[in-house]
Amino acid sequence: MPKRSEFLPYGKQWLDDQDIQKAVEILKSDWLTTGPMIPEFEQKVAEYVGAKYAVAFSSGTAALHGACYAAGIAAGEEVVTTPMTFAATSNVVLYQGALPVFADIDPDTYNISVQSIEKLITEKTKAIIAVDFTGQPADYDAINELAKKHGLTVIADAAHGLGATYKGKRVGTLADMTMFSFHPVKHITTGEGGMITTNNPECYEKLRDFRSHGITRDPLRISHPDEPWYYEMQSLGYNYRMTDIQAGLGISQLEKLDHFLDKRRIYARKYSEAFQSTPFLTPPYQHPETNSSWHLYVIKLDQSLNRKELFSKLQEANIGVNVHYIPVYLHPYYQQLGYRRGICPEAEKLYEAMITLPLFPKMTENDVDDVIEAVNELIGGME
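Residues numbered from 1 in each chain as written. Predicted model: local features only at pLDDT ≥ 70, side-chain atom pairs only at ≥ 80, totals over all residues. Heavy atoms only, no water.

Trainee: In this structure, what is going on with the overall build of the chain? I would like to understand it.
Mentor: Broken down by element type, the chain carries 13 helices and 15 strands. Over its C-alpha atoms the chain spans a radius of gyration of 21 Å, differing by no more than 12% from the 21 Å that the globule rule assigns to 383 residues. Taken along the three principal axes of its C-alpha coordinates, the chain extends 75 × 55 × 40 Å. Within the chain, buried positions represent 55% of all 383 residues. Considering only residue pairs separated by 6 or more positions, the chain has 72% of its internal contacts joining residues 24 or more positions apart. A total accessible area of about 16900 Å² is found for the chain, and carbon and sulfur atoms account for 50% of it. Separation between the mean location of the 36 positive side-chain charges and that of the 49 negative ones in the chain comes to 1 Å. (Helix = DSSP H or I, 4+ residues; strand = E, 2+ residues; numbered from the N terminus. Rg over C-alpha atoms; globule rule 2.2 N^0.38 Å. Buried < 20%, exposed > 50% of the residue type's maximum accessible area, 1.4 Å probe, protein only. Contact = heavy atoms within 4.5 Å. Areas by Shrake-Rupley, 256 points an atom, 1.4 Å probe, with all protein chains shown as cover. Lys, Arg positive; Asp, Glu negative; His and termini not counted. Charge placed at Lys NZ, Arg CZ, Asp CG, Glu CD.)

Trainee: Would you take a moment to explain the side chain of Ser113 for this structure?
Mentor: Position of Ser113 relative to the elements: it lies in the loop between strand 3 (99-102) and helix 5 (114-120). The contacts of Ser113, once residues within four sequence positions are left out, are Asp104, Ile105 and Asp106.

Trainee: It is not clear to me how the packing of aromatic side chains should be interpreted in this structure. Could you clarify?
Mentor: We describe a pair of aromatic rings using the distance from one ring centre to the other and the angle between the two ring planes. Taken as a whole and assessed by the stated rule, the structure comprises 18 aromatic pairs. Aromatic side chains Tyr140 and Tyr166 sit 5.9 Å apart centroid to centroid with 85° between the ring planes, which places their arrangement in the edge-to-face category. Here Tyr140 is found in helix 6 (residues 140-150), whereas its partner Tyr166 is found in strand 6 (residues 165-166), with 26 residues between them in sequence. A residue is classified by how much of its surface remains accessible, and Tyr140, at 1% relative accessible area, is buried. Both rings, one in Tyr271 and one in Phe275, keep their centres 5.9 Å apart while their planes meet at 15°; by these two values the pair is stacked. (Phe/Tyr/Trp six-rings, centres within 6.5 Å; stacked < 30°, edge-to-face > 60°.)

Trainee: Would you mind showing me how to read the pairing of strand 14 (residues 297-301) here?
Mentor: A regular strand places its side chains on the two faces of the sheet in alternate fashion. Burial within strand 14 is extensive, with four of its five residues counted as buried. Across two bridges, strand 12 (residues 281-282) lies against strand 14 in antiparallel orientation. If you follow Thr282 over to strand 14, its bridge partner there is Lys300. Here four bridges tie strand 14 to strand 15 (residues 354-357), and the two strands are oriented antiparallel to one another. (Pairing = 2+ DSSP bridges.)

Trainee: Would you take a moment to explain the packing of helix 3 (residues 60-70) against helix 4 (residues 88-95) for this structure?
Mentor: In the contact formed by helix 3 and helix 4, the axes pass within 9 Å of each other and the chain directions differ by 45°. Between helix 3 and helix 4, the crossing angle belongs to the class labelled oblique. In this structure, the crossing between helix 3 and helix 4 has a hand that is right-handed. Residues Thr61, Leu64, His65 and Cys68 of helix 3 pack against Ala88, Thr89, Val92, Val93 and Tyr95 of helix 4. When its residues are assigned to classes, the contact of helix 3 with helix 4 shows six nonpolar, three polar and no charged. (Axes fitted to C-alpha atoms, helices over the stretch in contact; angles between N-to-C directions. Parallel < 35°, antiparallel > 145°, perpendicular 65-115°, else oblique. Left-handed = near helix turned anticlockwise from the far one by under 90°. Nonpolar A, V, L, I, M, F, W, Y, C, P; charged D, E, K, R; others polar.)

Trainee: Which parts of the structure should I look at to understand the environment of Leu8?
Mentor: Along the chain, the position of Leu8 falls in the segment before helix 1 (17-27). Separated by 312 residues in sequence, Leu8 and Gly320 place their C-alpha atoms 5.3 Å apart.

Trainee: I tried to follow the nonpolar core on my own but got confused; where do I start?
Mentor: In a soluble, globular protein the nonpolar side chains are often hidden away together inside. Phe41, Ile117, Tyr140, Ile143, Phe182 and Ile188 are the most contacted members of the largest nonpolar core, which has 46 residues in total. It is helix 2 (residues 37-49) that contributes the most residues to this core, seven residues altogether. (Core = buried A, V, L, I, M, F, W, Y, C linked by side-chain atoms within 4.5 Å.)

Trainee: I keep staring at the environment of Gln96 and nothing clicks. Help me out?
Mentor: Position of Gln96 relative to the elements: it lies in the loop between helix 4 and strand 3. Classification of Gln96 as buried rests on a relative accessible area of 17%. Placed 223 residues apart in sequence, Gln96 and Ile319 show a C-alpha to C-alpha distance of 40 Å. Polar contacts involving the side chain of Gln96 include one to the side chain of His65, which spans 3.0 Å. (Polar contact = N/O pair within 3.5 Å; in protein donor to acceptor, adjacent residues only side chain to side chain.)

Trainee: Looking at this model, I keep getting lost on the sheet that holds strand 2 (residues 78-81). Mind explaining?
Mentor: Strands belonging to one sheet form pairs held by backbone hydrogen bonds; the direction of such a pair is parallel or antiparallel. Strand order in this open sheet of seven strands is 1-9-8-5-4-2-3, and the pairing throughout is mixed. One side of each edge strand has no neighbouring strand; the edge strands of this open sheet are strand 1 (53-57) and strand 3. Neighbour to neighbour, the strand axes of the sheet diverge by 25° on average, direction disregarded. Contacts between helix 3 and the sheet are confined to strand 1, strand 4 (125-131), strand 5 (153-157), strand 8 (177-181) and strand 9 (194-198), with strand 8 contributing the most and set at about 170° to the helix. Relative to strand 1, helix 7 (residues 201-210) is tilted by about 20°, and along the sheet it contacts strand 1, strand 8 and strand 9.

Trainee: Could you clarify how one ought to interpret the packing of helix 3 against helix 7 in this entry?
Mentor: Two measures define how a pair of helices packs: the angle their axes make with one another and the distance between the axes. Two elements in contact, helix 3 and helix 7, have axes separated by 9 Å at closest approach and are oriented at 130°. Judged on the interaxial angle alone, helix 7 and helix 3 are oblique. Here the hand of the crossing between helix 3 and helix 7 comes out right-handed. On helix 7, the residues touching His65, Gly66, Ala67, Tyr69 and Ala70 of helix 3 are Cys203, Lys206, Leu207 and Phe210. Residue composition of the contact of helix 3 with helix 7, grouped by class: six nonpolar, two polar and one charged.

By themselves these figures say nothing about function.
So, in structure tokens, the structure goes:
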């Protein structure tokens, strides 16, 4: 089969002269670390998703760790989450001394199964972390109803979900706290970075302290508000602060988010239409009440096909496919903690059959055509 002259990665950032100029302006300014760009970026993200508050962090993982802290997750408690995610989702639970409990996925949406969650709730359960896998929102109404019944906090890992909607409402206020990631392959980038949005003022206060060593200068909370230099460390926090350089880039990128989302959705639709008639391949299902932000495009292969062979041949053709994700509890570290294969059969079945195709806004129509042609030709030769 024909081989592309250039390698096409599965994801890639899109930076333009406006982004570069914004970064240069900040580099020439008086602020490089925590300055005026941080609250401006936070406000713009909060307004975009419809939340009252937003708190920026140095990474999506740091933000998610902050959400676990703000939720009061403590040693000996349990948090139910999905294994079909990057390891950070459950790692942050371990950071708090708590135990991740893995619920299986819905075989259609690949998101966490509400029925599976309910079976795992115990008196130790403190929270649910739902993941908007590939950009399709989880079933938040059902999850929130279950959480309310058991007095649990709901945290949305929306690293894939910026700009997605659930029943007409943007992801960002559908859970008690929502995390967004600004890694280069995500919808917008700050290089590294993350953010929590919430409508809860107590969580907002805890998040702000947590990202900066547990220190506050709030005159209403410190013992010597009359001393203008005075600050207090009131809890054990971390240095998880975003820089002004990152935030400035984020502000510039956010202006282009809707354009980036349009491109992703156009290309995802083109893939799905092309693969509807491809044998031994299932395009991703989209729930009619959601509008995915399409961070990833994942195809599911019939068990009769050799995934490793298809993966390798696509890579040889300069099509940068990937696999997202290895179920978290199958990693050696989690195996050492006592997790065992078989606890989430639907997630394991999906992992054995999935391939992630390239999808990012800087792709061209020709790039998409190359992927479609390569997949169809290779599968046709494997029948």
